[in-house]
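The chain contents come next:
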Amino acid sequence: MSLAYGLMDSPVALAAWMLEKFQAWSDCDGDVVQLLGLDALLTNVCLYWFSGTADATLRLYRENSLHPVHLQRGETVAPPLGVAQFPHELPMPPRSWVERGYNVARWTTMPKGGHFAAMEQPELLAQELRAFFRPLRVPSAVLTPN
């Protein structure tokens, strides 16, 4: 991927590209620095730069766009699925489509947030994760050996 070569050749190019993605994919009203803070943004860029892993991230997006998940007619995924749909997340199929192939146990339309929800709205995301997994927890008595 030629983009990866360019991004891994210049920390300025990597920072510009990543900050544009944070700006475009976050629920930030145009000011991603105000939402996330400059330290958090630069730390994120540094993690990719110093570890040399921007290409790994790009590869995931590329492969998913070339070979999206496609279930055959009648094929389903049995484990429960939870969806936290943040308003500024990348496009997502409608719930009715997802339910055709997945066991949707929880679908929540979140009040705010975007693609980087763990950074943008960590409390909302944590609450939603707890709510999804709470009914799936196994009582501790079941796990205790006799």
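Everything here concerns the structure above.
Read on for an overview of the structure. Along every chain, residues carry numbers that run from 1 in the direction the sequence is written. In keeping with the predicted nature of the model, local features appear solely for residues at pLDDT of at least 70, side-chain atom pairs appear and are counted solely at 80 or more, and the whole-chain, interface and lining totals rest on all residues. As a convention, hydrogens and water are excluded, and side-chain values are obtained from all of the structure's heavy atoms.

Note on terminology: a nonpolar core comprises buried Ala, Val, Leu, Ile, Met, Phe, Trp, Tyr and Cys residues joined through side-chain atoms within 4.5 Å. Exposure is judged per residue with a 1.4 Å probe applied to protein chains only, and the accessible area is read against the type maximum: over 50% gives exposed, under 20% gives buried, and values in between give partly exposed. If you look at the biggest cluster of nonpolar residues, it comprises 14 residues, and the most contacted ones within it are Leu14, Met18, Phe22, Val32, Leu36, Leu41 and Val45. Here a strand is any run of E in DSSP of at least two residues, a helix any run of H or I of at least four, and the numbering for each starts at the N terminus. Listed by contribution, the elements that provide at least two residues to this core are helix H1 (2-7), helix H2 (11-25), helix H3 (32-36), helix H4 (38-51) and helix H5 (54-66). Here this core gets four residues from one element, more than from any other, and that element is H2. Discounting chain neighbours no more than four positions away, the residues touching Leu14 are Leu7, Val45, Tyr48, Trp49 and Ala54. The contact definition used throughout considers only heavy atoms, calling two residues in contact when any of these lie within 4.5 Å.

The gaps left among the atoms become clear once a water-sized probe is rolled over them. The way it works is a 1 Å grid over only the protein atoms, where trapped points that fit a 1.4 Å probe form a cavity and open points with protein on both sides within 12 Å along at least five of seven lines form a pocket, and then any residue with an atom within 4 Å of a point lines it. Grid points are joined across faces, edges and corners, and a volume is the space filled by probe spheres set on the points. Within this model, the largest pocket holds a volume of roughly 780 Å³. Together, 19 residues line the largest pocket, and Pro68, Val69, His70, Pro93 and Tyr102 are the ones closest to its centre. Taken together, the elements giving at least two residues each to the lining of the largest pocket come down to H5 and helix H6 (95-99). Considering each element in turn, the lining of the largest pocket owes the most residues, three residues, to H5.

A separate point is the packing of aromatic side chains. The criterion for an aromatic pair is that two Phe, Tyr or Trp rings (for Trp, the six-membered ring) have centres within 6.5 Å, with stacked assigned to planes under 30 degrees apart, edge-to-face to planes over 60 apart and tilted to the rest. As enumerated under the stated definition, the model contains four aromatic pairs in all. On the numbers, 4.2 Å between centres and 35 degrees between planes, the contact of Phe22 with Phe116 is tilted. Note that Phe22 is positioned in helix H2 and Phe116 in the loop between strand S2 (102-109) and helix H7 (117-120), a separation of 94 residues in sequence. Grouping residues by exposure puts Phe22 and Phe116 together as buried. Ring centres of Trp25 and Tyr61 lie 6.0 Å apart, and the angle between their planes is 45 degrees; on these two criteria the pair is classed as tilted. A residue pair is termed long-range when its members are at least 10 positions apart, and Trp25 in helix H2 and Tyr61 in helix H5 qualify at 36 residues. Here the aromatic cluster, defined as three or more aromatic residues joined through ring pairs, consists of Phe22, Trp25, Tyr61 and Phe116.

On to H4. Expected span of a helix: the number of residues minus one, times 1.5 Å. Here H4 is 14 residues long and its end C-alpha atoms lie 20 Å apart, about the 20 Å a rise of 1.5 Å per residue gives. If you check which residues of H4 are buried, you get Leu41, Asn44 and Val45. Seen from one end, H4 has its buried residues packed into an arc of 90 degrees, which puts them on one side. When the buried face of H4 is taken as reference, the exposed residues oriented beyond 90 degrees from it are Asp39, Leu47 and Phe50. On the buried face of H4, the contacting elements are H2, H3 and H7. Comment: arc refers to directions from the helix axis out to C-beta atoms.

All right, on to the environment of Val33 then. One can find Val33 in helix H3. Sequence separation between Val33 and Gln127 is 94 residues; the distance between their C-alpha atoms is 24 Å. For Val33, the contacting residues outside a window of four places in its chain are Leu38 and Leu41.

Further remarks concern the side chain of Glu120. Here Glu120 is to be found in helix H7. No salt bridge is formed by the buried Glu120, whose closest oppositely charged neighbour, Lys112, lies at an N-O distance of 9.8 Å. Ignoring sequence-local partners within four residues, the contact set of Glu120 consists of Trp25, Ser26, Asp27, Leu35, Leu36, Gly113, Gly114 and His115. Counting rule applied: Lys, Arg positive; Asp, Glu negative; His and chain ends not counted. Note on definitions: salt bridges are taken to be side-chain nitrogens of Lys or Arg within 4 Å of carboxyl oxygens of Asp or Glu.

Moving on to the pattern of salt bridges. Counted according to the given criterion, the structure contains four salt bridges. Note that Lys21 is salt-bridged to Glu20, the shortest N-O span being 2.9 Å.

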